[in-house]
Amino acid sequence: MKTRFLKADVAGMKAAAQALRRGQLVAFPTETVYGLGARALDAKAVKKIYRAKGRPSDNPLIVHVNGSAMMETVAHPTSLARKLIAAFWPGPLTLILKSSGLVPDVVTGGQETIAVRCPAHPFFQTLIDFLGEPIAAPSANLSGRPSPTTAAHVYADLDGRIALILDGGPCNEGLESTIIDARGRYPVLLRPGSLTVEDIARAAGVKVLNPGANSPASPGTRYRHYAPDCRVELVSPRRVREGIEALKFPKTGLIHRSPSGAPLPGFSRKIPGGLDVYARSLFASLREAESFGVKTLYVETVPKRGVGRAVMDRLQRAAGLSHPAQ
Ligand code: AMP
Ligand code: MG
């Protein structure tokens, strides 16, 4: 298949809506990471998403809507969900709710629940308005790879596999949405993301729970994920400051915030600024290290507070370490 590459402007919007109506796949910018979309109500089109990404079929997709009215066609909101929607939509918050049954099983993995989000990115919002229907969209990468935060990342993974890529520049957040099971009285954190648990607890007025033995974890969190094609090793800020001995070997790399106590290797990225900047740059830096030919990549850890919780979740998965979803 020939993949078209267009700017995310008015002409790009028309081409995207037309491709989606024809049952084709389109990659586009969102505020979190680039998404790979199909009409959520078109089971045949949605199947193509799993094929293009090599995604396991038991890993359901997030359905994107343009607001509460469209959400209520696909899901049954609780009062907790309404509170969180009022506080955070449009934005990087995905809610797990009871499905209305409108969306086909291939989207939800045949579960009674559905994942829904209203995106804040103007291009994506307008695309849903234009189509007048919900769009199912996971991240636009090959399954298991770091999520794409630029159109070039999408191109590297999906050229020849999808109809159209829309370039809207780098993503604002650079990390996927936070997933909350909002079916009960308390929010349950299924995947940490760019919206922090602290903010969710404040808006909900109750504490955020971790998934218990009985709550269904987010199926996607079972898989190895976010991994570049090199060995990733996590290192503490103290180790970075003291100097990592192994960095003197060839084909090593370092992604860090703290000053390095050892001479820097061929590939190094010092990400200045706050945790949000680290979060935004993380996936791009992993891909950059890989294309530089790095074989062992040392990445500095961050405190598991605020967006740091999501950063550490992604880093631990990239390093192939098993750990709970929080
Ligand atoms: P991605 O779009 O690639 O960021 O992945 C979407 C995430 O949403 C995956 O981790 C899925 O497991 C999760 N998800 C989608 N639908 C559901 C659902 N009905 N229940 C729980 N998690 C879900
Ligand atoms: Mg993904």
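1. What about the overall build of the protein chain?
(1) Moving on: When its secondary structure is counted, the protein chain shows 11 helices and 15 strands.
(2) Moving on: Computed over the C-alpha atoms, the radius of gyration of the protein chain is 19 Å, within 12% of the 20 Å expected from 2.2 N^0.38 for a compact globule of 326 residues.
(3) Moving on: Its C-alpha atoms give the protein chain principal-axis dimensions of about 55 × 50 × 30 Å.
(4) Moving on: For the protein chain, restricting intrachain contacts to residue pairs at least 6 apart in sequence, the fraction spanning at least 24 positions comes to 66%.

2. Regarding the packing of helix 1 (residues 10–21) against helix 6 (residues 122–131)
(1) Moving on: Running from amino to carboxyl end, helix 1 crosses helix 6 at an angle of 50°, the nearest separation of the two axes being 10 Å. In this view, helix 1 runs oblique relative to helix 6, as classed from their interaxial angle. In this structure, the crossing between helix 1 and helix 6 has a hand that is right-handed. Mapping the contact onto sequence places Gly12, Met13, Lys14, Ala16, Ala17, Leu20 and Arg21 in helix 1 and Phe123, Thr126, Leu127, Phe130 and Leu131 in helix 6.
(2) Moving on: Residues of the contact of helix 1 with helix 6, tallied by class, amount to 8 nonpolar, 2 polar and 2 charged.

3. So, the pattern of salt bridges
(1) Moving on: Counted under the stated rule, the structure contains 16 salt bridges.
(2) Moving on: With a closest N to O distance of 3.8 Å, arginine 39 and aspartate 42 form a salt bridge.
(3) Moving on: One salt bridge in this structure joins arginine 287 and aspartate 157, with 3.0 Å as the shortest N-O distance. With arginine 287 in helix 10 (residues 275–291) and aspartate 157 in helix 7 (residues 151–158), this pair connects stretches of sequence that are 130 residues apart.
(4) Moving on: The exposure class of arginine 287 is buried, given its relative accessible area of 7%.
(5) Moving on: Using a relative accessible area of 7% as the deciding quantity, one classes aspartate 157 as buried.

4. Brief notes about the sheet that holds strand 15 (residues 296–300)
Note on sheets: strands pair through backbone hydrogen bonds, and any given pair is parallel or antiparallel.
(1) Moving on: With parallel pairing, the 4 strands of this open sheet are ordered in space as 12-15-13-14. The open sheet has two edge strands, strand 12 (231–235) and strand 14 (267–270), and neither has a second partner. Averaged over all pairs of adjacent strands, the angle between their axes in this sheet comes to 15°, without regard to strand direction.
(2) Moving on: Of the strands in this sheet, strand 13 (252–256), strand 14 and strand 15 touch helix 10, which is tilted by about 170° from strand 15.

5. Some remarks on the packing of aromatic side chains
(1) Moving on: Scanning the model with the defined rule gives 4 aromatic pairs in all.
(2) Moving on: Measuring from ring centre to ring centre gives 5.5 Å for tyrosine 226 and phenylalanine 283, while their planes differ by 25°; the resulting arrangement is stacked. Taken together, the residues tyrosine 226 in the loop between helix 8 (197–204) and strand 12 and phenylalanine 283 in helix 10 connect sequence positions 57 residues apart. Just as tyrosine 226 is buried, phenylalanine 283 falls in that class too.
(3) Moving on: Seen from the ring of tyrosine 278, arginine 257 lies directly overhead, with NZ or CZ sitting 5.8 Å from the centre.

6. Topic: helix 11 (residues 308–318)
Since the α-helix turns once every 3.6 residues, residues separated by three or four places project in the same direction.
(1) Moving on: Of all 11 residues in helix 11, 11 are buried; the element is thus mostly enclosed.
(2) Moving on: Those residues of helix 11 not exposed but buried are Gly308, Arg309, Ala310, Val311, Met312, Asp313, Arg314, Leu315, Gln316, Arg317 and Ala318.
(3) Moving on: Looking at the packing, one finds that the buried side of helix 11 touches strand 11 (188–191), helix 8, strand 12, helix 10 and strand 15.
(4) Moving on: Where helix 11 ends, the next residue or the one after it, glycine 320, has phi of about 75°, a positive value.

7. Thoughts on helix 6
(1) Moving on: Of all the positions in helix 6, only Phe123, Phe124, Leu127, Ile128 and Leu131 are classed as buried. The buried residues of helix 6 occupy an angular sector of 135° when projected down its axis, which confines them to one face.
(2) Moving on: Once helix 6 ends, the next one or two residues include glycine 132, with phi positive near 75°.

8. Considering the environment of aspartate 229
(1) Moving on: Take aspartate 229: it is sitting in the loop between helix 8 and strand 12.
(2) Moving on: Each C-alpha atom, one on aspartate 229 and one on glutamate 290, is 6.0 Å from the other, the two residues being 61 residues apart in sequence.
(3) Moving on: Excluding anything up to four places from it in sequence, aspartate 229 contacts Arg145, Glu290 and Val294.

9. Quick word on the environment of isoleucine 255
(1) Moving on: Looking at where isoleucine 255 falls in the secondary structure, it is placed in strand 13.
(2) Moving on: Classification of isoleucine 255 as buried rests on a relative accessible area of 0%.
(3) Moving on: Separated by 43 residues in sequence, isoleucine 255 and tyrosine 298 have C-alpha atoms that sit 6.4 Å apart.
(4) Moving on: Apart from residues no more than four positions distant in its own chain, isoleucine 255 is found in contact with Phe267, Arg269, Ile271, Tyr278, Ser285, Leu286, Leu297, Tyr298, Val299 and Glu300.

10. With respect to the environment of leucine 102
(1) Moving on: Summarising the element assignment, leucine 102 is placed in the loop between strand 6 (93–99) and helix 5 (105–108).
(2) Moving on: For the pair leucine 102 and threonine 73, spaced 29 residues apart in sequence, the C-alpha separation works out to 7.2 Å.
(3) Moving on: Discounting chain neighbours no more than four positions away, the residues touching leucine 102 are Leu41, Thr73 and Val74.

Parameters and conventions
Residues numbered from 1 in each chain as written. Chains lettered and ligands numbered in written order. Predicted model: local features only at pLDDT ≥ 70, side-chain atom pairs only at ≥ 80, totals over all residues. Heavy atoms only, no water. Helix = DSSP H or I, 4+ residues; strand = E, 2+ residues; numbered from the N terminus. Rg over C-alpha atoms; globule rule 2.2 N^0.38 Å. Contact = heavy atoms within 4.5 Å. Axes fitted to C-alpha atoms, helices over the stretch in contact; angles between N-to-C directions. Parallel < 35°, antiparallel > 145°, perpendicular 65-115°, else oblique. Left-handed = near helix turned anticlockwise from the far one by under 90°. Nonpolar A, V, L, I, M, F, W, Y, C, P; charged D, E, K, R; others polar. Salt bridge = Lys/Arg side-chain N within 4 Å of Asp/Glu carboxyl O. Buried < 20%, exposed > 50% of the residue type's maximum accessible area, 1.4 Å probe, protein only. Pairing = 2+ DSSP bridges. Phe/Tyr/Trp six-rings, centres within 6.5 Å; stacked < 30°, edge-to-face > 60°. Lys NZ or Arg CZ within 6 Å of the ring centre and 35° of its normal. Arc of directions from axis to C-beta.

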